[in-house]
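Tertiary structure, described
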Amino acid sequence: MRNLLIDQIREDGYAVIDDFLSPDDVQELLEAGKNLHKDAPKEERKVFSTINSKTSQSRDRYFIESGDKIRYFFEEGSVGENGELLVDPSVALNKVGHALHSEHPVFTKVTMSNRVKEVCWQLGFQTPAVAQSMYIFKNPGIGGEVKSHQDATYLYTEPSTTIGFWIPLEDATLQNGCLHFIKGSHKSGVHRRYIRNPDASSPELLIYDRPAPLYPQSNFVAVPVKAGSLVLIHSQAVHRSDANRSDRSRHAYTFHVIETEGCEYSAENWLQPAEDRPFPVLYERDP
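Residues numbered from 1 in each chain as written. Predicted model: local features only at pLDDT ≥ 70, side-chain atom pairs only at ≥ 80, totals over all residues. Heavy atoms only, no water.

An unreviewed UniProt entry lists the protein under the name Phytanoyl-CoA dioxygenase domain-containing protein 1, with Culex pipiens pipiens given as the organism. Per UniProt, the protein has the following entry under Cofactor (unreviewed entry): "Fe cation". Heading Sequence similarities (unreviewed entry) of the UniProt record for the protein holds this comment: "Belongs to the PhyH family. PHYHD1 subfamily." (UniProt positions renumbered as here; feature names shortened; annotations may be inferred.)

What follows is the structure, given as structure tokens:
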């Protein structure tokens, strides 16, 4: 598996492993995800959008300080002007993050499992750690578009070693918002960074260092996958997903693994580990 995985990621920027999780594992994660809304805040509901720059994540410590917590982010269009829900609570969330991998036992069990460690081992990680995790809802009719981006924009390391683990818990189709990639785009460097604002007087706590690049839509290849598959994503691979305009949800669990051996995690990244809570390490390879 090692050569095939490494070769495909080096060539295309992503790879797919079918049937990575068992149906029982998928169902357990799905049930846990469907119940997350029950603990969501009833007031001060935070909206998350990668499209609308007017949403508050760049100015909000609720988002910035979520690296070791479970925080709840609502879909644009699900919350009214006065914070009231406009849709049923079960379909109001955009995502929950960013520490499910350490703060929720069901997600911890999968993230820290031997099969995840085996993939990291085959990819050549020496001392991999999990930087962050998210449950993404993509609910029918309301699940928003995720704009074209590179994960390295948000989780920058030098050298670039980060790998995204993206696991659909329901079939990801063209209709409900599967991932789309530009093959080979990971070979062109990091196009943009999302960093902590060095201007302490600015209300914008986080800023982009460059304008958004334009990617021809014709360059993208759709990657529909079955529930329980694993999509491995190179941190510099350009990818996106369309809004869910179908009548079926597209729940997914995703987390990012970084190398901590001989690799520097940028102090400018929006997500920083707490001083007393380093990113949890999956294993340490013997020298």
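The next subject is the overall build of the protein. Broken down by element type, the protein carries six helices and 16 strands. Taken over the C-alpha trace, the protein has a radius of gyration of 18 Å; the compact-globule value for 287 residues is 19 Å, and the two agree within 12%. With the C-alpha coordinates aligned to their principal axes, the bounding extent of the protein is approximately 55 × 45 × 40 Å. Expressed as a percentage of contacts within the protein between residues at least 6 apart in sequence, the contacts between residues at least 24 apart total 82%. Averaging the locations of the 31 positively and 40 negatively charged side chains of the protein gives two centres separated by 3 Å. (Helix = DSSP H or I, 4+ residues; strand = E, 2+ residues; numbered from the N terminus. Rg over C-alpha atoms; globule rule 2.2 N^0.38 Å. Contact = heavy atoms within 4.5 Å. Lys, Arg positive; Asp, Glu negative; His and termini not counted. Charge placed at Lys NZ, Arg CZ, Asp CG, Glu CD.)

Moving on, we come to the layout of surface pockets. Empty space within the second largest pocket amounts to approximately 340 Å³. Lining the second largest pocket are 13 residues, and of these Leu123, Ser160, Thr161, Ile163 and His234 lie nearest its centre. Counting residues per element, the lining of the second largest pocket draws most heavily on helix H1 (residues 2–12), which supplies three residues. The residue makeup of the lining of the second largest pocket, split by class, is five nonpolar, six polar and two charged. (1 Å grid on protein atoms, 1.4 Å probe; cavity = no way out; pocket = protein on both sides within 12 Å on 5 of 7 lines; lining within 4 Å. Points joined across faces, edges and corners; volume = space filled by probe spheres on them. Nonpolar A, V, L, I, M, F, W, Y, C, P; charged D, E, K, R; others polar.)

Right, let's get into the pattern of salt bridges. Tallied over the entire structure, the rule returns ten salt bridges. Asp25 is the salt-bridge partner of Arg115, the closest N and O atoms lying 3.7 Å from each other. Here the residue Arg115 occupies a position in helix H6 (residues 114–122), and Asp25 occupies one in helix H2 (residues 23–34), the gap between them amounting to 90 residues. Under the relative-accessibility criterion, Asp25 is labelled buried at 19%. With a closest N to O distance of 3.6 Å, Arg61 and Glu65 form a salt bridge. On the basis of relative accessible area, Arg61 is assigned to the partly exposed category, the value being 45%. The exposure class of Glu65 is partly exposed, given its relative accessible area of 38%. (Salt bridge = Lys/Arg side-chain N within 4 Å of Asp/Glu carboxyl O. Buried < 20%, exposed > 50% of the residue type's maximum accessible area, 1.4 Å probe, protein only.)

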